[in-house]
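Examining the three-dimensional arrangement
One-letter residues, chain by chain:
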Amino acid sequence: MIITHVRGHSALRERDEDLDTSWFSQLDPRVKIVGVFSFVVVAALLTRPEGVTIALTAAIALAAASRVSAKRLIVAYAAAFPFVALASASIFLFSGWDRGLTMLARTSSCVIPLLVLALGTETFDLFSGLRRLKVPGMITTLLMLTFRFLLLLSDELERMKVSRQARGFRGGRSLLDRYGLRVLSFTAGMVLVRASARADRVYEGLRCKAFRKDMIPWRTSSVRSRDMAFLACLAIVAGVLAAVQYEVLF
Amino acid sequence: MTYKYEDGTMALRDVDLSIERGEKVAIVGPNGAGKSTLLNLVAGFRMPFSGRVLIEGRELNHENADELRSEVGLVFQDPEDQIFMPTVEEDVAFGPRNLGLDDIDARVTRALRSAGIEGLAKRRPHRLSYGMKKRVAIAGILAMEPEMLLLDEPTSGLDPRARLELVKLLREMDKTMLIATHDLEAAAEIVDRAVVLNVSVVMEGTMSDIVMSKKVLQDAGLELPPVSKLFDAMGRMGYPVDSLPVSMDQAVAELTRVIDREAKRTSELRGPGNPRSDRKSRQSDARGNGD
């Protein structure tokens, strides 16, 4: 609130600091979606360790070249890692360490490009790109509304957290703190109630702007030479992976 | 019309109100008076329990609410609830795009200019100040070019400068407006007519009429603006105050009249023999004689 107040009326002269200007973020979202998902499909079908190693190397190279924040990427990967590790651990236990490691590398080579896509593209651009790729409007609209609801939830959660702290609440750090857990459970309920009320207002706000059921794609970018170059690179990598898989190479 | 909440609480009782094209009307009243509910009814988000809402002679109902809402643009109290898209220009273009209107870029440019935020087109709305967000929300509605604007507490939460700028913007805007507010001072700057609402319509008239009715204000839980309070105090002190101004322009005009009246009264009290009157008449004679 203080920051907002201080920013005040100089807003007209300001620029958003977090505007991503990397080449990856400038690509047409449709190209990114098609390219990354194609790569993921190819990588998921690999069985030979050599192919999986190349796929993982390519995924890491994409992450490095995309200039997506390494910190954000590592945090996101760490959040996804328990799920990646769970699948690999079961293979490791029943089929041996080499297969377990291959599974871990294969899953990572799928997850990393998807994280790069998610972190290197504005969320609304992704939805718009999906819509322009003829994904049904109902699905993209639901995704967008869900995303907006998650933002609302997080906003309300933050407000409630500040409100609790402002009144001296420091509990809830131990499972034995029954009072703290009780307060946190009330907070969770209140967050849902408040987020739900705000979601109703947001929906009314959308209806004020003639929204019916479908988010009409709003950005009309065209595929340019750099988009084609990106697709060509991914196609070459996919070709190499296929050649390795079918033992044409190695 | 009458409207009750689901729990049976009466929100609006026998409200009868008509607004002419081009007219700016303020709905003033305390919290819980039904101001926002009235705006929601006019915007077709709720339907009256009894009675009806007519827009351009057409009765609002569930079937035509979406269609008529393009004629009536509702600006929420909290702009956070109304801004959806990642950049200002995309948010402003959202409504016209949904309506399938042509020449969207020109509409967006016009709306941004009307709201005084042309320079913010590429900005992310969530990073703007609250006052600027209000303007983005207004621009988003203006881009749809509705016949009428409904504004719910437009000045709430704004710092003095942002408030002043928004009041100026709304005053200069050539649109039919229905403004729900308890900011009497801002309302006086913007509107032609005001309605005091406290579940029912308590009073209707100009803002000056309303501030002169202290009983109505007191019953409605409204407070006189500071400038009106000053003139009220002056009246009680014996100065010849005829009406209570609400805005600064009205205050300057009323103060000028008070000074004239006071000077005249003083002059009458002193009579022709007083030195000041003699000097004035002498000056007047001199001008008349061409000296």
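Predicted, not measured: the structure shown is a model, and the values here were computed from it.

Our next topic: the pairing of strand β10 (residues 200-205) of chain B. All names here are of chain B. Bridging between strand β9 (residues 193-198) and β10 involves five bridges; their strand directions are antiparallel. From the neighbouring strand, V196 faces β10, where its bridge partner is M203. Joining the antiparallel neighbours β9 and β10 is a turn of one residue, in which V199 adopts a positive phi near 70°.

Here we take up the packing of helix α7 (residues 123-132) of chain A against helix α8 (residues 137-166) of chain A. Any two packed helices are characterised by the angle at which their axes cross and by the distance between the axes. Residues and elements named next belong to chain A. Running from N to C, α7 and α8 point in directions that differ by 170°, and their axes come no closer than 9 Å. By the angle class used here, α7 and α8 are roughly antiparallel. Counting all contacts with α7, which are made through T123, F124, F127, L130 and R131, the residues of α8 involved are G137, T140, L143, M144 and F147. Looking at side-chain class alone, the contact of α7 with α8 contains six nonpolar, three polar and one charged residues.

Right, let's talk about the domain arrangement of chain B for a bit. All names here are of chain B. Looking at chain B, the domain boundaries give domain 1 (3-222) and domain 2 (229-289). With centres defined by C-alpha atoms, the gap from domain 1 to domain 2 works out at 41 Å. Between domain 1 and domain 2, the residue contacts involve eight residues of the former and four residues of the latter. Listing elements by their share of the side of domain 1 that touches domain 2, those giving two or more residues are α7 (184-190) and α8 (207-212). Of the residues that constitute the side of domain 1 that touches domain 2, the class distribution is five nonpolar, one polar and two charged.

Right, let's talk about helix α9 (residues 178-208) of chain A for a bit. Taking 1.5 Å of rise per residue, 31 residues should cover 45 Å, and α9(A) covers 45 Å from first to last C-alpha, within 8% of that figure. Listed as buried for α9(A) are V191(A), A195(A), R198(A), V202(A), G205(A), L206(A) and C208(A). Those residues of α9(A) that are buried are in contact with α8 of chain A together with α2 (65-69), β6 (72-75) and α5 (130-142) of chain B. Following α9(A) by one or two positions, A210(A) adopts a phi angle in the positive range, close to 65°.

Turning to the pairing of strand β3 (residues 24-28) of chain B, a few remarks are in order. Residue and element names in this part refer to chain B. With five of five residues buried, β3 lies mostly within the body of the structure. With burial as the criterion, each face of β3 is covered, one bearing K24, A26 and V28 and the other bearing V25 and I27. As judged from the five bridges shared by β3 and strand β8 (residues 176-181), these two strands associate in the parallel manner. Bridge pairing in β8 places V25 opposite L178. Two strands pair when backbone bridges link them, and β3 and β9 are joined in this way by four bridges, in the parallel orientation. If you follow V25 over to β9, its bridge partner there is R193.

Our next topic: helix α1 (residues 35-42) of chain B. By the criterion of burial, α1(B) is predominantly enclosed, with seven of the eight residues buried. Phi for G44(B), located one or two positions after α1(B), is positive at around 80°.

For the rest of this paragraph, the subject is the interface of chain A and chain B. How big an interface is tends to be reported as the loss of accessible area on association of its parts. The interface of chain A with chain B comprises 24 residues on the first partner and 33 residues on the second. Elements with a minimum of two residues in the side of chain A that touches chain B: α1 (2-7) and α9 of chain A. Per element, the largest residue contribution to the side of chain A that touches chain B is eight residues, and it comes from α9(A).

Residues and elements named next belong to chain A. The N-to-C vectors of helix α3 (residues 29-44) and helix α6 (residues 97-119) enclose an angle of 175°; their axes lie 9 Å apart at closest approach. Taken together, the axes of α3 and α6 are roughly antiparallel relative to one another. Every residue of α6 that contacts α3 at K32, V36, F39, V40, A43 and A44 is listed here: R106, S109, C110, P113, L114 and L117. Considering only residue class, the contact of α3 with α6 consists of nine nonpolar, one polar and two charged.

Phi is mostly negative for residues that are not glycine, and the peptide bonds are mostly trans. Its identity as a non-glycine residue notwithstanding, A210(A) has a phi of 65°, on the positive side. Relative to the assigned elements, A210(A) resides in the loop between α9 and α10 (225-245). On the basis of neighbour counts, which here come to 19 C-beta atoms within 10 Å, the residue A210(A) falls in the partly exposed class. In this structure, E56(B) takes a positive phi of about 50° despite not being glycine. Within the fold, E56(B) resides in the loop between β4 (54-55) and β5 (58-59). Accessibility expressed as a C-beta count within 10 Å gives 10 for E56(B), which makes it exposed.

What counts as what
- Residues numbered from 1 in each chain as written.
- Chains lettered and ligands numbered in written order.
- Predicted model: local features only at pLDDT ≥ 70, side-chain atom pairs only at ≥ 80, totals over all residues.
- Pairing = 2+ DSSP bridges.
- Helix = DSSP H or I, 4+ residues; strand = E, 2+ residues; numbered from the N terminus.
- Axes fitted to C-alpha atoms, helices over the stretch in contact; angles between N-to-C directions.
- Parallel < 35°, antiparallel > 145°, perpendicular 65-115°, else oblique.
- Contact = placed C-beta atoms within 7 Å.
- Nonpolar A, V, L, I, M, F, W, Y, C, P; charged D, E, K, R; others polar.
- Domains from an automatic or database assignment.
- Expected span 1.5 Å × (residues − 1).
- Buried ≥ 20, exposed ≤ 12 C-beta atoms within 10 Å, placed from the backbone.

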